[in-house]
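Reading the structure
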Amino acid sequence: MTPAVGTSEQRGTPQSLLRVASDLIIGDSMATPANEQVARPEVVAVLSARRPTTMSTLLEIKSSVLRQVQVCPSFRRRTEEEPASSSTEVQEPAAGAWKPGDGVEFFAQMRLILKKVESRQGLPCPEVLLRSSSPAPTEPVDPSRGLRALTQEEVEMLYEEALYTVLYRAGTMGPDQVDDQGALLSYLQQVFGTSPEQHAEAMERVKKAKAPTYALKVSVMRAKNLLAKDPNGFSDPYCMLGILPASGTLREPGPHKEQRFSFRKGSKRGGPLPAKCIQVTEVKSSTLNPVWKEHFLFEIEDVSTDQLHLDIWDHDDDVSLVEACRKLNEVIGLKGMSRYFKQIVKSARTNGTAGPTEDHTDDFLGCLNIPIREVPVAGEDRWFKLEPRSSASRVQGDCQLVLKLITTQRDTSMSQRGRSGFLSYLLLLSRLLQFEHQAEEPNSSSWRGELSGPAATVLCLHGAQSNLSALQLAVLHWQVSSRHHQTRTLDYGYLLGLLEDMQAHWEEAASLPQEQRGNREWFDKLLNSQSPREQPGPQRLAGLVKLADTVYEDLQSCYGIYASLFHSIIKIDFFTLTFRQLERLVAEEVWVLTEELSPKMTLEVASGLFELYLTLADIQCFWSSIPGRDSRSLALAGIHAPFLPAVKLWLQVLRDQARWRLQGAVDVDTLEPMDSSSKHSSSAATASLCFSHIQELWARLAWPDPAQAQGLGTQLSQDLCEAALFYTELLRKKVDTQPGAAGEAVSEPLCVVLNDVELLRKAAGQALRGLAWPEGAPGLEGVLPRPLLSCMQALDEDLQREARTVTAHLTSKMVGDIRKYVQHISLSPDSIQNEEAMAPLLKYLDEKLALLNASLVKENLSRVLEALWELLLQAILQALGANRDVSADFYGRFHFTLEALVNFFHAEGQGLPLESLRDGSYKRLEEELRLHQCSTRECIEQYYLDKLKQRSLEHNRFGRLSVRCHYEAAEQRLVVEVLHAADLLPLDANGLSDPFVIVELGPPHLFPLVRSQRTQVKSRTLHPVYDELFYFSVPAEACRRRGACVLFTVMDHDWLSTNDFAGEAALGLGSIGGVARPQVGGSARAGQPVTLHLRRPRAQVRSALRMLEGRNNKEAQEFVKRLKELEKYMEADP
C-alpha cells in the first residue's frame, strides 16, 4: 500500500484524505507515535479478531478509493504551492489605504469581496448513491473465533445486572428510547429466555439490593458573550458550582419578586447554605469568552429533586478564591455540609490584604439551575443560556457544559465479584446482538446491526451508569460485532462504520492520537504560514481571512466530489467528519481573534472582519447538509455577535465612500449618452452599479439576528436614499453650469439628466427591495418591512418630483413657440380651413417629439408628453381669454384643434392614454369651448344646471335647509314651503346670525313674470324655524324645461350695513310631485321634506358666468348684473 500512497501524493491527492482512508482501514503501515503506546495494544487486540479474508477485502476497497482519488482534482490548496500561484492572482488594494475621495478604490475592493461569491452560489449537489445491491463474496465461517458461550451462572448474573440497570435508571429518556419500564423488563425476559418464576425471583433479588450511588460528571468547557464588568471593557470570570438539594431552593418572601438561589458572597441569611462541596474554576483574566475545560464530580443524594447550580462571577481582587474553596471543602467534607458560603470569602480574605471594612464584592455575571432528573440518560454537551438571579439582574451570554449521570457503587453480583462495567457491557451487548440477529436469514450478509428500541435503550442505560466513554463504547461495539461476524456475516459498511466511530472519538482519550490527524496537520500548517498566533491581531486578521477562504474551498470540493465518492464505495460520511473538525478549528481561532481585536476597532480591522464574517457565513451554510445536525454542537453558532461593531463601522464607511464615488462620477460626467445603445450618462451607470453592489452585499451579509438586522437594514436603506438624493443634487448643479445652445428648444443635457434620474429611481428601488430583512412573523416572506417600505415610497416620491422638475425645465424652452403657433390659429381668417390653420403647430410638435423620442427613455417621454399637453391646453385657454365676442366659427376651430391634438398625442395607443388626455385642464377647456358655442339662454340654463350638479364637499360647513315642494295642477301653481334651517354660519359679532331665505325660480327666461320671495327674519339664531308657504303661478311645461329649478339663498340680515351671504341651494323642478307626475287626490301639502346642504358657488358654476360676461347682448348683461349684485354680499369662500 505504500507505493499507492506515495503515488497519490505526487499527483496532488490530499494528504488529509489519504490519512482518513488509512486511519479508517487501520492497516499495518500506520505509524505508532510514542505517545500512543498505552492505547495501541488494546486497539490491536480488538482488531486482531478480523479474518484474513476480511482484511484483504478492506485493503482492496482502500486501493479502489485511492485509485479513484488520483483522477479527481485536489480540494486542498497546499501551502507549498502558494508562492508560485500568488503571482497570477489579482492584487487587492490595502484596506487601510482608503482616504476621502478614493471611492473608486473602495468599491473596487468591495467588488473583489463580492467576486468570491460567484463560486459559492448554493451548495453543489453530490450524487446520492444507494448501497450496492450486489452480494458480498462468500467467506468461510470460523465459530472458534466468535463470541464464547456463557455459563449458567454468568447468564444469571448478567440478567440480574440488566434488571438492576432498568429498575434504577435515572435521567431523561431521549425521543428514540423506550421509556416504558414494563416493556424493557419484558424484552430482557425474552432475550434471556427466563421463565416467569425465574424472572420473579431475579426481580425480588434486585429489589432487595441497595440502590446505586449516583454522581454527576460536570465539565465546564467555556462561556461566551459575557457582560463586561471591568473598566477595561472585559471581565475576569470564574465559575462556582455545586449540588443544591430540593430543601435549599430558597425564595425571597413576597409575591411580587422572585429570586433564584445563588452563591452570594457576604450573604446575611440566617439559614445554612444548601450547597455541597462547592467547586470553583480558575479565574480567566480580561475576557468575555473564557475557556476553562475543567472537570468535576459531584455525589447525588436524590436524583429526582437535587439540582446543579452554577454561578459565574467577575473576580475583583487578588485573593485566590479557588484555593480558599478547596481548603474549606476539605473541612466541610469531614462533618457538616451546611456552611455559609461567606466562610469561603472570609477564609480567602484572611489570607489577603483587604481589611474587614473594605468592599471587595465580586460582580455577578449569571447563573444556571439544572435539575438532575432532566440530564439525558446518554449525557449531553450543550450551551446553556445564563439566567439572572432576580428580575433586577442583568446578564447575558451562554455557558457550555458537558453533563453525564453515572453510578459509582452498584449492589449487583457482577460488581461484588469485581467485574468492571466494561466487561459487563461487553457481555450484555453480545447477548443482545445475538438475539437481534437471530431473526435474519442464516446466510444473509446485509444486516447492519440495527438494534430495536428496547435493546438500544438498555445498552444506553448501562453504558451511562457504568461511566463508559464514547471511545470505550465504540471499541466494545467493534469487538463484539467483529467476533459475531465470524459466525454470522455482517454488512461491511456497518463494520466500517464502527471503525469510523472509533476514529471519531479517538481524541477523547489523551493517550490515543487525535482524530483526523491529516485535517489537523493541514490546518495547523496553513495557520502557521498565513496567520501565526505570535503575530499581533491586525496582522493575523488578513491571514485568517485567506485561511477561512481556503477552508471554504476545501469543504466545497469535499462536498461536491469526495463525499459521494466515499459514500459510493465504502459508505463513509467523509464530509461530515471533515466539516465538524475544520469548522471547530476555524471557530476557535476566530473567537480568540475577535476578542483581541474588539477594543482595537479601526477601518482596516473592520474591513478585514467584515470579509472574514462573509466567509464564515458561507461555511455555516454547509451545516444544512449534515445529517442529524444539532445547532448546539455547531462551534460557529452565534459567531455573528462579536462581528457586529465591525459591520456597523464598515457600513458607515460604505455610506461615506458611496458619496465620494458619486461625486467623482458626476465630476467627470459630460452629460452625454454613454453609447448609441443607451440614453443615460456614465455617472448614472456608476450610481446604479454602486447600489447594486450594496444590495448584493446585504444579501451576502444575511445577518441572522432579526432585531439587529432591522437596525442595520434601516440605517443602510436611509443611507442609500440619502445617496440617491445627493446624486440628483449633483446632477442639478452640473446641468446648471452647462452652456446652452442658442435657439435650442430641446436640450440634450437635460434629456440625459432626466434619463439619469429615471435610471437612478429604478436602481434605487430595486436595491431597496433587496435590503429586506427577516421580521420573524410567519407568512411574511414576500412582504417588505414597514420602515423599508416607507423609505422606498419617500424616495420614489422625491425622485418623481425631481423628474417633474427637470421635465418642466426641459419643456419651458418650448413655451414661447407653442404660444406663437396657438396664436397663429386664433388669428387665422375664417376662410382658411381648420387643417391648414393648425398645420404649423402639428409640424412643430412632430419635429420636437421626434427629437425627444430619440433622446428619452419611454417613461420620460411620457412625462414630457404630459407636460407638453398641459402647456398646449393652457396656451389655448389663454387664447380664448384674450378673444371676446368673436364668432362661433372661432370656437369651432379651436374645438377641432383640440380633438386633433388628442389624436396626435394618443398616437393610436402608442402615446398618452385617452383617460389621461381627457382629464384635468382638458375638461375645463372643452366646457368653455362648448359654452362659447351656445346661445345666451343656453349659457344661462347651463349656469343653473351646474348649480343643480354641484355637491357640497363639506355637508355641515354652511348648514342645512329643509324644504317641501309640490305642484298643484288645478291651480297651475308651484307651492314651496320653507320649513327650517340648522347649523348656519355665525356671521354677527355675537356668534349668531339673523337669517332669512330668498326663494326664486330660474332660469329667468323660463319664468319672466315670476318675482322672488323671502321669508321673515329670524333674529339671533343659527337654527331658525320658518314654516312659511310661497306660491308661484307658473305652467307645468316651464317646470319641466331644461335647467328649471327653485333657488334658495340664505342671507344674514344686518340693520346698519348690507346683508351677508350665508349659503345657497338649488332644487330641480322636474322631479317634484305634480310636475313629474300629476297628483291624484291627496292633500295640498303632499310629499316628504327635502334637506338641502347649503354651499358657495364653485368654479364650474362661475365658468358659465364668465362666458356670459363676454357677451354684449342685453339679456346676458342683465343676468350678469343681477348676479354681480348678489356676489357683493358673498364673503370669500373659506
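All of the points below concern the structure found in this document. Note that the coordinates shown come from a computational prediction; the quantities given were computed from them, not determined experimentally.

Position of I406 among the secondary structure elements: in strand β8 (residues 398-409). Residues I406 and P212, spaced 194 residues apart in sequence, show a C-alpha to C-alpha distance of 9.5 Å. Once you skip the residues sitting within four places of it in the chain, I406 turns out to touch T213, Y214, A215, K217, L297, A464, Q465 and N467.

Take the pattern of salt bridges next. Side chains that differ in sign of charge can pair as their charged atoms come close. In total, this model carries 20 salt bridges according to the counting rule given. Linking E722 and R659 is a salt bridge whose minimum nitrogen-to-oxygen distance equals 3.9 Å. You can see E722 sitting in helix α23 (residues 706-736) and its partner R659 sitting in helix α21 (residues 644-667), a full 63 residues away along the chain. Residue class for E722 comes out partly exposed when judged on its relative accessible area of 39%.

To continue, consider the sheet that holds strand β7 (residues 380-385). Taken together, 4 strands build an open sheet; the order of strands is β4-β1-β8-β7 and the sheet is antiparallel. Strand pairing shows two members of the sheet lacking a second neighbour, β4 (291-300) and β7, which therefore form its edges. For this sheet, the mean inter-axis angle between neighbouring strands, taken without regard to orientation, is 25 degrees. Where strand β1 (residues 213-224) and β4 come together, 8 bridges link them in antiparallel fashion.

Moving on, we come to the pairing of strand β15 (residues 1060-1068). A large share of β15 lies buried, amounting to 9 of its 9 residues. In this structure, strand β14 (residues 1045-1052) lies alongside β15, joined through 8 bridges in antiparallel fashion. The partner of M1051 across the bridge, within β15, is F1061.

Across the sheet, which stays open at both edges, the 4 strands sit in the order β12-β11-β14-β15 with antiparallel pairing between neighbours. Two strands lie at the open edges of the sheet, namely β12 (1013-1014) and β15, each paired on one side alone. Both strand β11 (residues 995-1002) and β12 contribute to a ladder of 2 bridges, which runs antiparallel. Looking across to β12, one finds that V999 is bridged to Q1013. Contacting β11, β14 and β15, helix α32 (residues 936-949) crosses the sheet at an angle of about 95 degrees to β15.

So, about the environment of Q396. In this fold, Q396 is placed in the loop between β7 and β8. A relative accessible area of 34% means that Q396 is categorised as partly exposed. Between the C-alpha atoms of Q396 and K385, which are 11 residues apart in sequence, the distance is 7.8 Å. For Q396, the residues in contact, after removing those within four places along its chain, are N225, L226, L227, L365 and L386.

This paragraph deals with helix α7 (residues 152-167). Owing to its 3.6 residues per turn, the α-helix brings residues three or four apart onto one side. With 16 residues, α7 extends 23 Å between its outermost C-alpha atoms, agreeing within 8% with the 22 Å of an ideal straight helix rising 1.5 Å per residue. In terms of burial, α7 is a largely internal element, 12 of the 16 residues being buried. Those residues of α7 that sit buried are E154, V155, M157, L158, Y159, E160, E161, A162, L163, Y164, T165 and V166. Buried residues belonging to α7 abut α8 (181-192), α9 (196-208), α12 (413-416), α13 (421-437) and α14 (453-465).

For E729, the location among the structural elements is in helix α23. Judged by relative accessible area, which is 33%, E729 ranks as partly exposed. Separated by 73 residues in sequence, E729 and E802 have C-alpha atoms that sit 9.3 Å apart.

Below, the discussion takes up the packing of aromatic side chains. By convention here, two paired aromatic rings are described through the distance between centres and the angle between planes. For the coordinates displayed, the defined rule picks out 17 aromatic pairs. Taking 4.7 Å as the distance between ring centres and 45 degrees as the angle between the ring planes, the aromatic pair formed by Y164 and Y168 counts as tilted. In terms of burial, Y164 and Y168 fall into one category: buried. Ring centres of Y559 and F575 lie 4.9 Å apart, and the angle between their planes is 70 degrees; this geometry places the pair in the edge-to-face category. Taken together, the residues Y559 in helix α18 (residues 537-570) and F575 in helix α19 (residues 574-597) connect sequence positions 16 residues apart. Residue classification places Y559 among the buried residues on the basis of a relative accessible area of 14%. In this structure F575 comes out as buried when scored by relative accessible area, which is 2%. Members of the aromatic cluster, each reached through a chain of ring pairs, are Y552, Y559, F575, F579, F622 and W623. Over the aromatic face of F364 sits the side chain of R389, whose NZ or CZ is 4.5 Å from the ring centroid. If you follow R659 out to its NZ or CZ, it ends over the ring of F726, 4.9 Å from the centre.

Calculation rules
- Residues numbered from 1 in each chain as written.
- Predicted model: local features only at pLDDT ≥ 70, side-chain atom pairs only at ≥ 80, totals over all residues.
- Heavy atoms only, no water.
- Helix = DSSP H or I, 4+ residues; strand = E, 2+ residues; numbered from the N terminus.
- Contact = heavy atoms within 4.5 Å.
- Salt bridge = Lys/Arg side-chain N within 4 Å of Asp/Glu carboxyl O.
- Buried < 20%, exposed > 50% of the residue type's maximum accessible area, 1.4 Å probe, protein only.
- Pairing = 2+ DSSP bridges.
- Axes fitted to C-alpha atoms, helices over the stretch in contact; angles between N-to-C directions.
- Expected span 1.5 Å × (residues − 1).
- Phe/Tyr/Trp six-rings, centres within 6.5 Å; stacked < 30°, edge-to-face > 60°.
- Lys NZ or Arg CZ within 6 Å of the ring centre and 35° of its normal.

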